[in-house]
Amino acid sequence: MTETSSGEQWLAQTEQDVLRDPATVTPAFALAGRKVGRGPSDPETDPHGVVYGGVEDHARARLVCALLEASVTAAAPVLAELFHQGDSAERRGVLRGLDAAVLKDLELPEEVVTLGVELVGEALRANEQDLVAAAVGPFAAAHLDQHSWRHAVLKLVFMEVSLDAVAQLESRRDAELARMAEDFAAERRAAGRPVPDDVFRLTPEGSA
């Protein structure tokens, strides 16, 4: 049995365990990296796993979805605990899990959405590229207000993280974000610093 198949078997069984008993998600979350392995989920296009996350991130995302499916009304405090008591990888897992829930069209109660927005905000205040990238996925696209979303996008540019990490970039970018990007580019030039290429994805004419 290969490590990959062993990890997938563990994950599939653990999902079923969480569906039967949501309390099992906490120890499983801590074990996920050891069980399924670590490394980028898309090594060809994202060799460091910053933009699209790592193997363990997506394993934890599946566990978050199982938790939400098993006990959606009681999920918020468990997710808060997993995020606040976890390491960076576990925090990414919570955020990627919220993204996965949105992609699966799971109905999220108000308390989960409120918590998710708070956790996204905390992640966006961090200086870890992969954590910030995990905070701008489908959940943020669906629930973050436009002001906060614009600043999240610009922070990625500042951190030189590809805007491929941003869900619904084309549909949500607007004139105010373009103005902010142009101001950012002007400040960089005035300081004699290079302008990240992704700035030009935020301006309609590509002329930042």
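This text follows the structure it describes.
A brief look at the structure comes next. These numbers come from a predicted model, not from an experiment.

1. Digging into helix α4 (residues 75–84)
Since the α-helix packs 3.6 residues into each turn, any two residues three or four apart lie on the same face.
Then, in step 1: Residues Ala75, Ala76, Leu79, Ala80, Leu82 and Phe83 constitute the buried set of α4. Buried residues of α4, seen end-on, are gathered within an arc of 165 degrees and therefore sit on one face of the element.
Then, in step 2: Buried residues along α4 sit against α2 (25–36), α3 (55–71), α5 (88–103) and α6 (110–124).

2. Some details on the pattern of salt bridges
Then, in step 1: Counted by the stated rule, this structure contains 15 salt bridges.
Then, in step 2: With a closest N to O distance of 2.7 Å, glutamate 15 and arginine 62 form a salt bridge. Taken together, the positions of glutamate 15 in helix α1 (residues 3–20) and arginine 62 in helix α3 put the pair 47 residues apart, joining distant regions of the chain.
Then, in step 3: For the salt bridge of arginine 201 with aspartate 198, the shortest nitrogen-to-oxygen distance reads 3.8 Å.
Then, in step 4: You can call aspartate 198 buried: its relative accessible area is 17%.

3. What to know about the nonpolar core
Then, in step 1: Residues Leu79, Leu95 and Leu202 are the most contacted members of the largest nonpolar core, which totals 67 residues.
Then, in step 2: Sort the elements by how many residues they give to this core and α3 lands first, with 8 residues.
Then, in step 3: What leucine 202 contacts, discounting residues up to four positions off in sequence, is Val153, Leu154, Val157, Leu163, Leu169, Arg173, Leu177, Ala178 and Ala181.

4. Side note on the side chain of glutamate 56
Then, in step 1: Within the secondary structure, glutamate 56 sits in helix α3.
Then, in step 2: Apart from the residues lying within four places of it in its own chain, the contact partners of glutamate 56 are Gly33, Val36, Gly37, Arg38, Ala89 and Arg92.

5. Comments concerning the packing of aromatic side chains
How two aromatic rings sit relative to each other is set out by the distance from centre to centre and by the angle between their planes.
Then, in step 1: Tallied over the entire structure, the rule returns 1 aromatic pair.
Then, in step 2: When the ring of phenylalanine 158 is compared with that of phenylalanine 184, the centres are 6.4 Å apart and the planes differ by 75 degrees; the resulting orientation is edge-to-face. Taken together, the residues span a long stretch of sequence, with phenylalanine 158 in helix α9 (residues 146–159) and phenylalanine 184 in helix α11 (residues 175–190) at a distance of 26 residues.
Then, in step 3: Judged by relative accessible area, which is 9%, phenylalanine 184 ranks as buried.

6. Observations concerning the packing of α3 against α5
Then, in step 1: Interhelical geometry of α3 versus α5 gives an angle of 55 degrees and a closest axis separation of 7 Å. One way to sum up the angle between α3 and α5 is to call them oblique. α5 is crossed by α3, and the crossing has right-handed handedness. Two secondary-structure elements touch here, α3 through Glu56, Asp57, Arg60, Ala61, Val64, Cys65 and Leu68 and α5 through Ala89, Glu90, Arg92, Gly93, Val94, Arg96, Gly97, Leu98, Ala100 and Ala101.
Then, in step 2: Considered class by class, the residues forming the contact of α3 with α5 number 9 nonpolar, 2 polar and 6 charged.

Reading the values: rules and limits
Residues numbered from 1 in each chain as written. Predicted model: local features only at pLDDT ≥ 70, side-chain atom pairs only at ≥ 80, totals over all residues. Heavy atoms only, no water. Buried < 20%, exposed > 50% of the residue type's maximum accessible area, 1.4 Å probe, protein only. Helix = DSSP H or I, 4+ residues; strand = E, 2+ residues; numbered from the N terminus. Arc of directions from axis to C-beta. Contact = heavy atoms within 4.5 Å. Salt bridge = Lys/Arg side-chain N within 4 Å of Asp/Glu carboxyl O. Core = buried A, V, L, I, M, F, W, Y, C linked by side-chain atoms within 4.5 Å. Phe/Tyr/Trp six-rings, centres within 6.5 Å; stacked < 30°, edge-to-face > 60°. Axes fitted to C-alpha atoms, helices over the stretch in contact; angles between N-to-C directions. Parallel < 35°, antiparallel > 145°, perpendicular 65-115°, else oblique. Left-handed = near helix turned anticlockwise from the far one by under 90°. Nonpolar A, V, L, I, M, F, W, Y, C, P; charged D, E, K, R; others polar.

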